[in-house]
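A closer look at the structure
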Amino acid sequence: MLCFYHKLREIAGSEEGAMIKVFLVEDETIIRQGIKHNIDWNSNGFELVGEAGDGEYAYPMILKHQPDILLTDVKMPFMDGLELSRAVKKVLPKTKIIVISGYNEFEYAKEGIKIGIAQYLSKPVSGEALLKEVDAVAVRIEEKRKEREIKEKYMKEMEENLHKERKELFQYLVTGDKSVAELLETADRLG
């Protein structure tokens with residue numbers, strides 16, 4: 001089953017673009033291995049860049065790999081998922097976090113909202129349901145990337161236009177093709 005994000009990339013022709021990087025933190029080895037091996041990450045447009053059994057061990061790896069999406073359990077030894085999420089959001093605010101928890105407590109979800117978690121899923125979760133949620137988050141990430149690209153392109157064009165207008169102003173200063181009033185007005189507008 002191809003995910004929506006993967007289909008979107010095919011349609012947009014961005015197949016060769018950067019894959020969405022995913023990092024998995026889960027203390028239960030069986031569940032971690034199940035998530036890791038039962039989802040065909042690559043064919044769905046994702047790259048599983050790392051995994052860990054607790055937040056303390058995961059944190060430096062997350063900083064190194066800078067994943068787009070962090071999948072984490074809540075209750076883990078040493079550093080729990082919410083503590084990890086808080087730390088990751090401080091350093092990598094663009095990283096989207098999906099919490100997968102066996103604890104269906106409102107307090108965890110409420111804390112997750114404060115931290116800025118993208119999704120809170122209850123265990124057990126099927127590979128298909130998890131992929132659907134990862135896919136939805138990936139679409140939001142891609143939308144943000146496109147917005148940033150458009151903004152950067154706009155800013156670059158504005159800078160180029162400003163440079164061109166300044167160059168023209170200096171040409172007019174040399175050639176005298178404009179009146180002093182026009183030159184002063186243009187100079188004031190261009191700063």
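Not measured: the values here are computed from a predicted model.

A word on the overall build of the chain
Helices and strands together make up the secondary structure of the chain, namely seven helices and five strands. Ordered by position in the sequence, the α and β elements of the chain form the string α-β-α-β-α-β-α-β-α-β-α-α. Considering the chain as a whole, with its 191 residues, one finds that 37% of them fall into the buried category. Considering only intrachain contacts with a sequence separation of at least 6, the fraction spanning at least 24 residues in the chain is 68%. Accessible surface computed for the chain: about 11700 Å², of which carbon and sulfur atoms make up 54%.

Regarding helix H3 (residues 55–65)
If you check which residues of H3 are buried, you get Gly55, Ala58 and Ile62. Seen along its axis, H3 keeps its buried residues to an arc of 55 degrees; they face one direction. Turned more than 90 degrees away from the buried face of H3 sit Tyr57 and Lys64, all of them exposed. If you follow the buried residues of H3, they end up packed against strand S1 (20–25), strand S2 (46–52), strand S3 (69–72) and helix H4 (81–91). With a side-chain oxygen lying 2.8 Å from the backbone nitrogen of Glu56, the N-terminal cap of H3 falls on Asp54. Phi for Gln66, located one or two positions after H3, is positive at around 45 degrees.

Comments concerning the sheet that holds strand S5 (residues 119–122)
Across the sheet, five strands lie side by side as S2-S1-S3-S4-S5; this open sheet has parallel pairing. Lying at the two open borders of the sheet, with one neighbouring strand each, are S2 and S5. Neighbour-to-neighbour, the strand axes of the sheet open up by a mean angle of 20 degrees, direction not taken into account. When S3 meets strand S4 (residues 96–101), the two strands line up parallel, connected through four bridges.

Looking at the environment of Ile31
Among the structural elements, Ile31 can be located in helix H2 (residues 29–38). For Ile31, the contacting residues outside a window of four places in its chain are Glu26 and Lys123.

Brief notes about the pattern of salt bridges
Taken as a whole and assessed by the stated rule, the structure comprises eight salt bridges. Between Lys123 and Glu26 there is a salt bridge; the shortest N-O distance is 2.9 Å. Residue Lys123 is found in the loop between S5 and helix H6 (127–175), and its partner Glu26 is found in the loop between S1 and H2; the two are separated by 97 residues along the sequence. Looking at Glu26, the relative accessible area reads 2%, which means it is buried. Note that Glu147 and Lys144 form a salt bridge whose closest N and O atoms lie 3.9 Å from each other. With Glu147 and Lys144 both in helix H6 and three residues apart, this pair spans about one turn of that helix. Take Lys144: its relative accessible area is 44%, and that puts it in the partly exposed class. One network of salt bridges, with partners in common, ties together Glu26, Glu28, Asp73 and Lys123.

Quick word on a nonpolar patch on the surface
On the surface, Tyr154, Met155 and Met158 cluster together into a nonpolar patch covering about 320 Å² of accessible area. Taking the relative accessible area as the measure of exposure, Tyr154 reaches 48% and is therefore partly exposed.

Conventions used here
Residues numbered from 1 in each chain as written. Predicted model: local features only at pLDDT ≥ 70, side-chain atom pairs only at ≥ 80, totals over all residues. Heavy atoms only, no water. Helix = DSSP H or I, 4+ residues; strand = E, 2+ residues; numbered from the N terminus. Buried < 20%, exposed > 50% of the residue type's maximum accessible area, 1.4 Å probe, protein only. Contact = heavy atoms within 4.5 Å. Areas by Shrake-Rupley, 256 points an atom, 1.4 Å probe, with all protein chains shown as cover. Arc of directions from axis to C-beta. Polar contact = N/O pair within 3.5 Å; in protein donor to acceptor, adjacent residues only side chain to side chain. Pairing = 2+ DSSP bridges. Axes fitted to C-alpha atoms, helices over the stretch in contact; angles between N-to-C directions. Salt bridge = Lys/Arg side-chain N within 4 Å of Asp/Glu carboxyl O. Patch = residues over 30% accessible without salt bridge, like charges linked within 9 Å, V, L, I, M, F, W, Y side chains within 5 Å.

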